[in-house]
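Per-entry structural report
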Protein chains: 2
Amino acid sequence: MSQAPMESAALLALDWGSSGLRAFLLDGQGLTLASRSSAMGASVMDGRALAYVQALQQIAGDWLQANPRLPLLACGMVGAKHGWREAPYAACPANEAALAAQTVSVEFGQGRSLRILPGLLQQAAGQPPDVMRGEETQVFGALQQHPQLADAACIVMPGTHSKWAELRDSQLRGFATHMTGELFALLRQHSVLGRLMPPVDVASDSSAFLAGLRAAREQGELGLSHQLFAVRTLGLTGELAAAALADYMSGLLIGHELRAGLAWRDRRGLAQAPLLLIGEPGLCARYAQGLRAFDCAADLTLDNTAPAGLWRLAQSAGWLRLPP
Amino acid sequence: MSQAPMESAALLALDWGSSGLRAFLLDGQGLTLASRSSAMGASVMDGRALAYVQALQQIAGDWLQANPRLPLLACGMVGAKHGWREAPYAACPANEAALAAQTVSVEFGQGRSLRILPGLLQQAAGQPPDVMRGEETQVFGALQQHPQLADAACIVMPGTHSKWAELRDSQLRGFATHMTGELFALLRQHSVLGRLMPPVDVASDSSAFLAGLRAAREQGELGLSHQLFAVRTLGLTGELAAAALADYMSGLLIGHELRAGLAWRDRRGLAQAPLLLIGEPGLCARYAQGLRAFDCAADLTLDNTAPAGLWRLAQSAGWLRLPP
């Protein structure tokens, strides 16, 4: 975009996670006027404020210059302890007002500032704590796009650290993290299992993925650390081709997440509520196939809802720059 | 040992695993006359036959020279596909005769040869295959040391890849692998969880270890990949000190193994049979504490039983060099 329609811009929404930065120029109705992305995630900033300022100027300097009164709102790891400015966790359950109330501001020159949303900390009796940072905004973005979810929904956000969240009465009531993506990457890159796999994944093997899912569903009580060893033995005996082993392993890991996650959903009283998938489309498609293997289906699959969530939170807090 | 009592030596027993080589000079009653160890495990040999010959000469060249008729028997990864000489897996269930029958020989000069025991391959209907290589010898070594186990025993061998084995009617009837040690090392060295831990483990925190065990026992249905994330959140919130996080994680991983392993034991009809731990004493002590957290106890804890197993297998196959 060389010339953004700056006159109608109401918010610069920043989805600023560990591994990347996405910037969205939104209008007064929440429509996206323009968007950009960069690899300048919080994990490469090493906590240096100047690096954040530079990344922000790099991705949106022209927008900021063209619109000196444009408000900015960010979510994600940019607000972590080792991010740009810590936005301490808000307590879960939380509604939009609670998130807005705990937003922090950081100045970045010429009197301008960026608002950063807090993450959520869940502390339930008899349970270790759980945290999210960025996914809370995805949840409210889904609500923004689909107001009928306000009553109740189970929202699954697959990823490095997958989150399962309960939305009820427009409140983020509780959630649970699964380290599925990180475990896959660790095992793929560093374990004895990865050594049997081709160095680069080629075409996905859907039947091996399904076999892994079924093993998790039907025999998950044998334990994940036991079932993972089958990736090795199926390779050693030639029962699975080397190129299929990563998919079998993925099926096992996603299957164990679904096994535990669906039980969590049922315990939260969400068995009849809409089930959503939010995330990168390719990954959501794998989870959708996974859900089918568990005789379930996603009622909705949404791509990144962070901009919708940032807009909704800014709108309800009165932070949008609306035309006079 | 400069001068081994070579005249009474009946076997050179080699426990030759991935990460090390242990040599035992045994007499006609199975007593250890001398032992040595080296770091020349199969994993550093890169499959080169010459490297194996050199490692063998290095650890036992003087013994071999002093006793030209000394028989040699090895178990472990030395017989893997990428070891010195492949000893293809024998089928599980297996007794001693089956293992002896599938032993292979490799010559290493001057007409001398080393016998290498096979590993075991389990292929049960409706289950992925499972494999062991070296642990089968540990099992028969335990039987050699404690003949009363012949009827039935559940034998747990903790390690990088822990093995749970069923010994029944002097036969190794079935087994299950858990990748507990490898998962711990991966998570410790490469995951987001390891980053919160001190670079080097200091004193062990027994109460954190116990808390991890209890979480696995009482809430394991929440899923290992969910519960592992608590290592991060307990660290972030300061509920556990950084120095205690590795022990909590160890408790979770060992707890999940015990949860699944004890259920496996019960399904195999071994709930009333003796329960054994075999392995490195420090690790066995952790598993013993783990068993207590599951209201169980090990009936016997044994250090390396490989030499006893090698002797027993050689004895029953008629391979010992006995005095005239």
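Preceding this section is the structure that the text describes.
This report concerns the structure included in the present document. Residues take numbers from 1 onward in each chain, read along the sequence in its written order. Here chains are named by letter from A upward and ligands by number from 1 upward, in the order in which they appear as written. Local features in this predicted model are restricted to residues whose pLDDT is 70 or higher, and side-chain atom pairs enter the listing and the counts only when it is 80 or higher, whereas totals over whole chains, interfaces and linings include all residues. Just so you know, side-chain values use all the structure's heavy atoms and leave hydrogens and water out.

Comments concerning unusual backbone geometry
All names here are of chain A. Here is the rule we go by: Helix and strand definitions follow DSSP, with helices as H or I runs of at least four residues and strands as E runs of at least two, each counted in order from the N terminus. For each residue, the accessible area found with a 1.4 Å probe, counting protein chains only, is set against the maximum for its type, and the residue is called buried under 20%, exposed over 50%, and partly exposed in between.
In the segment running from Cys92 into Pro93, the intervening peptide bond is cis, with an omega of 5 degrees. Structurally, Pro93 can be placed in the loop between strand E5 (90-92) and helix H2 (96-101). The backbone of Ser170 shows a phi angle near 60 degrees, a positive value even though the residue is not glycine. By the element assignment, Ser170 lies in the loop between strand E11 (162-168) and strand E12 (171-178). Relative accessible area serves as the criterion here: at 26%, Ser170 is assigned to the partly exposed category.

Some details on the nonpolar core
As a rule of thumb, nonpolar side chains are buried together in soluble globular proteins. How we decide: Remark: nonpolar core denotes a set of buried residues (Ala, Val, Leu, Ile, Met, Phe, Trp, Tyr, Cys) joined through side-chain atoms within 4.5 Å. Whether two residues are in contact is decided by their heavy atoms: any pair within 4.5 Å suffices.
Ranked by internal contacts, the top residues of the largest apolar core, which has 50 residues, are A:Leu193, A:Leu228, A:Tyr248, B:Leu193, B:Leu228 and B:Tyr248. Looking at this core, the elements with two or more residues in it are helix H4 (180-190), helix H5 (206-219), helix H7 (229-236) and helix H8 (245-267) of chain A together with helix H4 (180-190), helix H5 (206-219), helix H7 (229-236) and helix H8 (245-267) of chain B. If near-sequence neighbours (up to four positions away) are discounted, B:Tyr248 is found in contact with A:Pro128, B:Ala208, B:Phe209, B:Ala211, B:Gly212, B:Ala215, B:Ala230, B:Val231, B:Leu234 and B:Leu240. Counting residues in hydrophobic clusters, the runner-up holds 39 residues, among them A:Met132, A:Ala142, A:Ile155 and A:Ile278.

A closer look at the sheet that holds strand E10 (residues 152-157) of chain A
Residues and elements named next belong to chain A. Condition: When DSSP locates at least two bridges between a pair of strands, those strands are taken to pair. Lines are fitted to the C-alpha atoms to define the axes, a helix being fitted only along its stretch in contact, and any angle between axes, read from their N-to-C directions, falls within 0 to 180 degrees.
Ordered by their spatial adjacency, 5 strands build an open sheet running E12-E11-E10-E13-E14, and the pairing between neighbours is mixed. In the strand order of this sheet, the two ends are held by E12 and strand E14 (300-302), each with one partner. Ignoring strand direction, the axes of neighbouring strands in this sheet form an average angle of 20 degrees. Relative to the sheet, H8 contacts E10, E11, E12 and strand E13 (275-278), its axis offset from that of E11 by approximately 15 degrees.

Overview of the environment of B:Gln315
Residues and elements named next belong to chain B. Inspection of the secondary structure puts Gln315 in helix H10 (residues 306-317). Assessed through its relative accessible area of 42%, Gln315 is described here as partly exposed. Distance in space between the C-alpha atoms of Gln315 and Cys284 is 29 Å, their sequence separation being 31 residues.

Some details on the sheet that holds strand E1 (residues 9-16) of chain A
Residues and elements named next belong to chain A. Spatially, 6 strands are ordered E3-E2-E1-E4-E7-E6 in an open sheet, and the strand pairing comes out mixed. In this open sheet, the two edge strands, each paired with only one partner strand, are strand E3 (32-38) and strand E6 (104-109). Sheet twist, expressed as the average angle between the axes of neighbouring strands with direction ignored, equals 25 degrees. Relative to E3, strand E2 (residues 21-27) is paired through 6 bridges, and the arrangement is antiparallel. Looking at the pairing, Ala23 lines up with Arg36 of E3. Contacting E1, E2, E3, strand E4 (72-75), E6 and strand E7 (112-116), helix H1 (residues 49-66) crosses the sheet at an angle of about 155 degrees to E3.

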